[in-house]
Amino acid sequence: MAHPILMPKPGQMTEECVLTVWHKQEGDPVTKGDVLFEIETDKSIMDVESFEQGVLLRRVVDEGATVPVNTVCAWIGEPGEAIPDAPPALVAAVAEPEVAARAATPAAAPPSPAASTAPAIAPDARPTQRGPSERLRISPRATRLAAEAGLDPRSLVGSGPGGRIVERDVIAALEAGAVAAVGAAPQPPAASTVPGEEPPRPLSRMRRVIAERLTLSATTIPTFSVTVAVDVTRLQAVRADLKARETAYSVTDFVLLATAQALADHPDVNARTDGTQVWPRRRVHLGVAVALPTGLVVPVIRDADVLGLAELHDRASELIGRAREGTLGPDEMTGSTFTVSNLGMHGVDSFSAIINPGESGILAVSSAVPTAVVMGDGVAVRSIMKLTLTADHRLVDGELGARFLNAIRRRLEDPGSLRRATTDA
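Residues numbered from 1 in each chain as written. Predicted model: local features only at pLDDT ≥ 70, side-chain atom pairs only at ≥ 80, totals over all residues. Heavy atoms only, no water.

For the protein chain, the helix and strand inventory stands at eleven helices and 18 strands. Burial statistics for the protein chain: of 425 residues in total, 46% are counted as buried. The long-range fraction of contacts in the protein chain, counting pairs at least 24 apart against all pairs at least 6 apart in sequence, stands at 65%. (Helix = DSSP H or I, 4+ residues; strand = E, 2+ residues; numbered from the N terminus. Buried < 20%, exposed > 50% of the residue type's maximum accessible area, 1.4 Å probe, protein only. Contact = heavy atoms within 4.5 Å.)

Structure (structure tokens):
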């Protein structure tokens with residue numbers, strides 16, 4: 001029997017993905033493990049492999065379409081096999097009814113070699129104009145983007161399956177300036193009210209997700225911030241000594257190690273809450289904020305508190321490198337219990353960060369700055385770095401936050417106190 005190929009759900013917070021590239025044409029043979037298509041999530045690009053064997057009978061989704069997770073994207077079966085009705089569970093999982101109906105349509109005769117080179121669903125890929133009484137068919141992401149831009153989606157022409165309006169249609173309309181405001185007749189694009197201002201462009205998918213999550217955090221979590229100044233003069237000397245022995249570690253490596261060990265000693269800072277219940281967490285999974293041109297991702301170092309300096313350095317370097325390449329898997333960006341955000345390399349004196357939902361705190365790391373410090377009866381120039389903890393006040397009060405932050409400071413000011421740091425070096 002023919003088997004449906006569904007849009008996977010790469011992460012807990014992912015509700016839809018963009019099918020970017022098909023690697024198989026209709027009529028192509030498929031074996032288990034073959035890459036069928038690529039998808040783009042809010043944070044990465046992934047290959048989708050086949051768990052079935054046979055022939056690609058039909059491609060239901062066009063390249064570039066934004067597709068809800070669990071939607072039928074294709075059918076695989078024996079040559080000439082008819083496509084069965086989609087199981088009720090699959091139909092229920094599809095966000096747009098017309099997509100489910102399309103997936104359940106029986107296949108026509110097996111495509112000829114010439115036909116297999118044509119776009120999979122060419123008739124549906126053509127822009128379709130709706131009649132005044134026809135139901136609007138639009139993807140969730142396109143709906144949100146149109147609402148944010150103040151556009152009337154009924155003025156748009158859909159290029160998705162069955163004439164469905166997808167995100168690229170809204171973007172194209174914005175770029176062309178040929179859309180109407182909600183409830184108004186079509187109007188030419190408004191002139192800029194600020195001299196030199198360019199036409200607006202939509203936020204990237206990643207930045208919209210970041211905005212949604214951090215808005216949720218800022219509006220639902222009662223927070224406070226506390227800052228300490230850390231003397232990292234000795235730490236920098238240790239780093240220079242290790243570098244001379246051809247073992248180079250960054251300040252971030254030491255901060256991550258100190259933070260992970262402090263979290264193990266202060267488990268309440270490693271917990272999470274929904275406001276009514278508290279989930280203690282014994283394992284420390286440390287998130288590292290990584291800036292990208294399109295936004296921000298947070299790869300996760302699992303069990304960071306039991307890693308030594310060398311192990312943590314290697315793991316962090318690998319994750320950060322793949323984050324910048326866009327090759328992280330969803331499981332490598334979820335499940336963090338605490339996050340570290342370091343802007344020290346950008347000459348930042350101090351800052352506070354916004355808590356990642358599902359965590360109780362985030363540590364903001366600033367630049368190490370040469371500073372005149374009173375020491376005994378004299379003044380010395382020391383390298384001072386400020387750390388700012390932003391914490392969920394439902395779990396962490398000021399006293400606990402101060403103890404936790406000072407535990408990190410003690411470790412950084414005395415690198416020898418970092419467990420296993422000497423043996424790792």
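More follows now that the structure is in view.
Turning our eyes to something else, we now look at helix α8 (residues 251–265). Its 15 residues give α8 an end-to-end C-alpha distance of 21 Å, which sits within 8% of 21 Å, the value for a rise of 1.5 Å per residue. By the criterion of burial, α8 is predominantly enclosed, with twelve of the 15 residues buried. Among the residues of α8, Thr252, Asp253, Phe254, Val255, Leu256, Leu257, Ala258, Thr259, Ala260, Gln261, Ala262 and Leu263 are the ones counted as buried. (Expected span 1.5 Å × (residues − 1).)

Further remarks concern the sheet that holds strand β2 (residues 16–22). An order of β5-β4-β2-β7 is seen for the four strands of this open sheet, with the pairing classed as antiparallel. Sheet topology places β5 (45–49) and β7 (66–68) at the edges, where each strand pairs with a single neighbour. Sheet twist, expressed as the mean angle between neighbouring strand axes with direction ignored, is 40 degrees. Two strands pair when backbone bridges link them, and β2 and strand β4 (residues 35–40) are joined in this way by four bridges, in the antiparallel orientation. Each bridged residue has a counterpart across the sheet, and for Leu19 the counterpart in β4 is Ile39. (Pairing = 2+ DSSP bridges. Axes fitted to C-alpha atoms, helices over the stretch in contact; angles between N-to-C directions.)

For any two helices packed against each other, the geometry comes down to the angle between their axes and how far apart the axes lie. Contact geometry of α8 with helix α10 (residues 398–413) gives a least axis separation of 9 Å together with a crossing angle of 135 degrees. In terms of their interaxial angle, α8 and α10 are classed as oblique. Two packed elements cross with a definite hand, and for α8 against α10 that hand is right-handed. Residues Phe254, Val255, Ala258, Thr259, Gln261, Ala262, Leu263 and Asp265 of α8 lie in contact with α10, whose contacting residues are Phe404, Ala407, Ile408, Arg411 and Leu412. (Parallel < 35°, antiparallel > 145°, perpendicular 65-115°, else oblique. Left-handed = near helix turned anticlockwise from the far one by under 90°.)

Glancing now at the pattern of salt bridges. Scanning the entire structure with this criterion turns up 13 salt bridges. Between Asp414 and Arg234 there is a salt bridge, with its nearest N and O atoms 3.4 Å apart. Placement of the pair is Asp414 in the loop between α10 and α11 (421–424) and Arg234 in helix α7 (residues 233–244), with a sequence separation of 180 residues. We classify Arg234 as partly exposed; its relative accessible area is 47%. The shortest N-O distance in the salt bridge between Arg315 and Glu318 comes to 2.9 Å. In this pair, Arg315 and Glu318 are both assigned in helix α9 (residues 309–325), three residues apart and thus about one turn of the helix distant. Take Arg315: its relative accessible area is 26%, and that puts it in the partly exposed class. Its relative accessible area of 38% is what places Glu318 among the partly exposed residues. When salt bridges with common partners are traced through the structure, they connect Arg315, Glu318, Arg322 and Glu332 into a single cluster. (Salt bridge = Lys/Arg side-chain N within 4 Å of Asp/Glu carboxyl O.)

Let us look at unusual backbone geometry. In the Ramachandran plot, Asn70 falls in the positive-phi region, its phi being about 70 degrees despite a non-glycine side chain. Along the chain, the position of Asn70 falls in the loop between β7 and β8 (72–77). For Asn70, a relative accessible area of 32% corresponds to the partly exposed category. Even without being glycine, Asp303 reaches a positive phi, approximately 50 degrees. You can see Asp303 is positioned in the loop between β15 (300–301) and α9.

Ranked by size, the top nonpolar core spans 53 residues in total, and within it Leu363, Leu387 and Leu412 carry the most contacts. By residue number, the principal contributor to this core is α8, which donates eight residues. If we skip the residues at most four places from it in the chain, Leu387 touches Val226, Thr227, Val228, Val230, Leu363, Ala364, Val365, Leu405, Ile408 and Leu412. Leu19, Val48, Leu57 and Val69 belong to the second largest nonpolar core, which has 25 residues in total. (Core = buried A, V, L, I, M, F, W, Y, C linked by side-chain atoms within 4.5 Å.)

In total, this model carries zero disulfides according to the counting rule given. With no disulfide of its own, Cys17 lies closest to Cys73 among cysteine sulfurs, the gap being 8.9 Å. Using a relative accessible area of 0% as the deciding quantity, one classes Cys17 as buried. (Disulfide = S-S within 2.5 Å.)

On to the sheet that holds strand β9 (residues 223–231). With respect to topology, six strands assemble into an open sheet ordered β9-β18-β17-β16-β12-β15, the strand pairing being mixed. Where the open sheet ends on each side, the last strands, each with one partner, are β9 and β15. The sheet contact formed by strand β12 (residues 286–288) and strand β16 (residues 338–342) spans three bridges and is parallel. Looking at the pairing, Leu286 lines up with Phe338 of β16. Lying on the sheet, α7 is in contact with β9, β17 (361–375) and β18 (378–392); it crosses β18 at an angle near 95 degrees.

Further remarks concern the side chain of Ser50. Its place among the elements puts Ser50 in the loop between β5 and β6 (54–59). For Ser50, a relative accessible area of 3% gives the class buried. Reaching out from Ser50, the side chain makes a polar contact with the backbone oxygen of Glu52 at a distance of 2.7 Å. Discounting chain neighbours no more than four positions away, the residues touching Ser50 are Val30, Thr31, Lys32, Gly33, Asp34, Leu36 and Ile76. (Polar contact = N/O pair within 3.5 Å; in protein donor to acceptor, adjacent residues only side chain to side chain.)

So yeah, pure geometry; function would need other evidence.
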